[in-house]
Structure formats: structure tokens, C-alpha cells
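Survey of secondary and tertiary structure
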Amino acid sequence: MVPKIVAERWPADERDPDGLFAAYRAHLSVMAYNTDLLKESDAPKTWKDLLDPRFKGKMVKGHPGYSGTVMTATHVLSDLLGWDYFEKLGKQDVMQVQSSTEPPKKLAQKERAVQVDGNEYNIFRLQDEGVPLKIVYPAEGTPLAVGNAGVLKDAPHPNAAKLFYAYLFSLDAQQLNSDFGGLRSFHPDIKEKAGRTPLSQIKLLHSDPEKLESLVPTIKSNYEKNFGT
């Protein structure tokens, strides 16, 4: 069963109703930009803003065929905006990379001004290093990717596994995840680093893993057709 803190205070949609597992970590797939290359007044504010001709040739994004984070983001955004959105985005001369860790690097290196998607924790790390990057949380919502944890039925050392499992959800471990990993936590007592937008203030776009699993081939095919990759 999940630890007491999880059973009593975790969001219901971030834990298994039967108590078998729960989300011990999360991160966002975020839009971002380099403030040396783009003024805040000129930066995109919504997903549809990325279709503006002024951003053509200035964007970078990950590929859902290589990144689970980007696959999740593509799934929820295609549900929200439709595949015609990606068809239009594909005509914007977008630099295509693989992992969700790559777009933040391209922003930092000033190879592109705007990141369509990429993991939030790498942006946090670069910001902590003084790189002039800013995250955009569009009003339509930001895709959320979670990592679940549970104790395996046939774990060779079940007691040790249960102890570690309980520690993963403790405030100490969750605060470490937040402070040093740049990850998001559903622990109600977590304190976000200064300057970071609290998770509670961000509209989140949740994915349905069961639905996504059956759609992976379609998403890859549609994406490759729209972006030529």
C-alpha cells in the first residue's frame, strides 16, 4: 500500500485508487525562450502563437519517437489543438532534435530563440547557472509527465523496498527532488525554489497512459508526416 502521506494528502489523480502505486515525481514539457534573443513583449504567450510567421526558423523541439516526455506532450496537445495545428507548425522551419534534454541546450547556445517543448528541469538548471532563459506556461495548459513508484510483488528484499518506497514520498526526499533535480512534487508541504512558478498556479494537461499506449504508432506516423522526420 502507498505511504500514509500519499493515501491522505496526495491528489487523487496522482495515485492508484487501489493503493498499488503513486506519482513520486513529475516534470513539465515547457515552452521557453532565450531573453537575449527575444524580448518578453515579443515572446509567444500561447501554443497558437508559435504559428506566427515571425517565429519561422527560430524554434527547436524534441521528437516523440525518441522522447517519452515529448510523446506525452504531443499526445495531449494533439487532443487539445488537433493535428492540423502540428501540420501548420511543421511548416515553420522548426529545428528537430531527439531527447527532451536537447531543446534547452539549443536555447542556451543561442542556436534557436524559442523552445516548443523540452523538459522543465533542464531549463531550471540552466537558469540556476545564469543562462537567460524564461519559461512560458500557456493559458491553454502545459503538458505534465509523471513518474510512478510501487513495490514489486516479488521483490527480493520486500522490507527494504518498502522502507525505500516510504522514503521516496517523504518531505525530505521530495524537497531534494525539487531543489536539486528541478522536479515537481505533489507533496502538499513542498517549498518551491524562489522564482519558480508553483505547480498549483499552472494549468496542467494530463495524459491518459492507457489511451496513449494504443496511439503511439499513429502519433509517430502523423508527426513524421507533418515534420518530415
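See the structure shown above.
Because the structure is a prediction, the values reported are computed rather than measured.

This next bit is on a nonpolar patch on the surface. A contiguous nonpolar surface patch, about 480 Å² in accessible area, is contributed by Phe164, Tyr167, Leu176 and Phe180. Counting only elements with at least two residues in the nonpolar patch, the list comes to helix H6 (158-168) and helix H7 (171-181). Looking at the element boundaries, Leu176 is found in helix H7. The class for Leu176 is partly exposed, based on a relative accessible area of 42%.

Once that is clear, we can look at the packing of aromatic side chains. Per the stated rule, a full pass over the model turns up 5 aromatic pairs. A ring pair is formed by Trp10 and Phe169, whose centres lie 5.5 Å apart and whose planes are at 80°; its orientation type is edge-to-face. Remark: Phe169 occurs in the loop between H6 and H7 and Trp10 occurs in the loop between helix H1 (4-9) and strand E1 (22-28); sequence separation between them is 159 residues. Assessed through its relative accessible area of 3%, Trp10 is described here as buried.

With respect to the element layout, Val70 can be found in helix H2 (residues 68-81). For Val70, a relative accessible area of 0% puts it in the buried group. Taking the C-alpha atoms as reference, Val70 lies 21 Å from Phe186; in sequence the two are 116 residues apart. Setting aside its immediate chain neighbours within four residues, Val70 contacts Lys61, Gly62, His63, Pro64, Ser100 and Asp117.

Attention shifts here to the side chain of Asp117. Position of Asp117 relative to the elements: it lies in the loop between strand E5 (114-115) and helix H5 (120-128). The class of Asp117 is buried, set by a relative accessible area of 5%. At 2.8 Å, the side chain of Asp117 and the side chain of Lys61 are in polar contact. Reaching out from Asp117, the side chain makes a polar contact with the backbone nitrogen of Gly62 at a distance of 2.7 Å.

Before going further, it helps to spend a moment on the nonpolar core. Formed by 24 residues in total, the largest nonpolar core has its most connected members in Val6, Leu28, Ile123, Leu133, Phe169 and Phe186. Going through the elements one at a time, E1, H5, strand E6 (133-136), strand E7 (142-149) and H6 are the ones with two or more residues in this core. At 4 residues, the largest contribution of residues to this core is made by E1. When neighbours within four sequence positions are excluded, Ile123 is seen to be in contact with Val30, Ala32, Pro104, Leu107, Gln115, Leu133 and Ile135. Of all hydrophobic cores here, the second largest spans 22 residues; its members include Phe55, Leu77, Val114 and Val136.

So, on to the sheet that holds E5. Taking strand neighbours across the sheet as the criterion, the 5 strands line up as E4-E3-E5-E2-E6 in an open arrangement whose pairing is mixed. The open sheet has two edge strands, strand E4 (95-96) and E6, and neither has a second partner. Strand direction decides the pairing type here: strand E3 (residues 59-61) and E5, joined by 2 bridges, are parallel. In the sheet register, Val60 faces E5, and the bridge partner there is Gln115.

Reading guide: rules and limits
Residues numbered from 1 in each chain as written. Predicted model: local features only at pLDDT ≥ 70, side-chain atom pairs only at ≥ 80, totals over all residues. Heavy atoms only, no water. Patch = residues over 30% accessible without salt bridge, like charges linked within 9 Å, V, L, I, M, F, W, Y side chains within 5 Å. Areas by Shrake-Rupley, 256 points an atom, 1.4 Å probe, with all protein chains shown as cover. Salt bridge = Lys/Arg side-chain N within 4 Å of Asp/Glu carboxyl O. Helix = DSSP H or I, 4+ residues; strand = E, 2+ residues; numbered from the N terminus. Buried < 20%, exposed > 50% of the residue type's maximum accessible area, 1.4 Å probe, protein only. Phe/Tyr/Trp six-rings, centres within 6.5 Å; stacked < 30°, edge-to-face > 60°. Contact = heavy atoms within 4.5 Å. Polar contact = N/O pair within 3.5 Å; in protein donor to acceptor, adjacent residues only side chain to side chain. Core = buried A, V, L, I, M, F, W, Y, C linked by side-chain atoms within 4.5 Å. Pairing = 2+ DSSP bridges.

In short, geometric facts, not functional conclusions.
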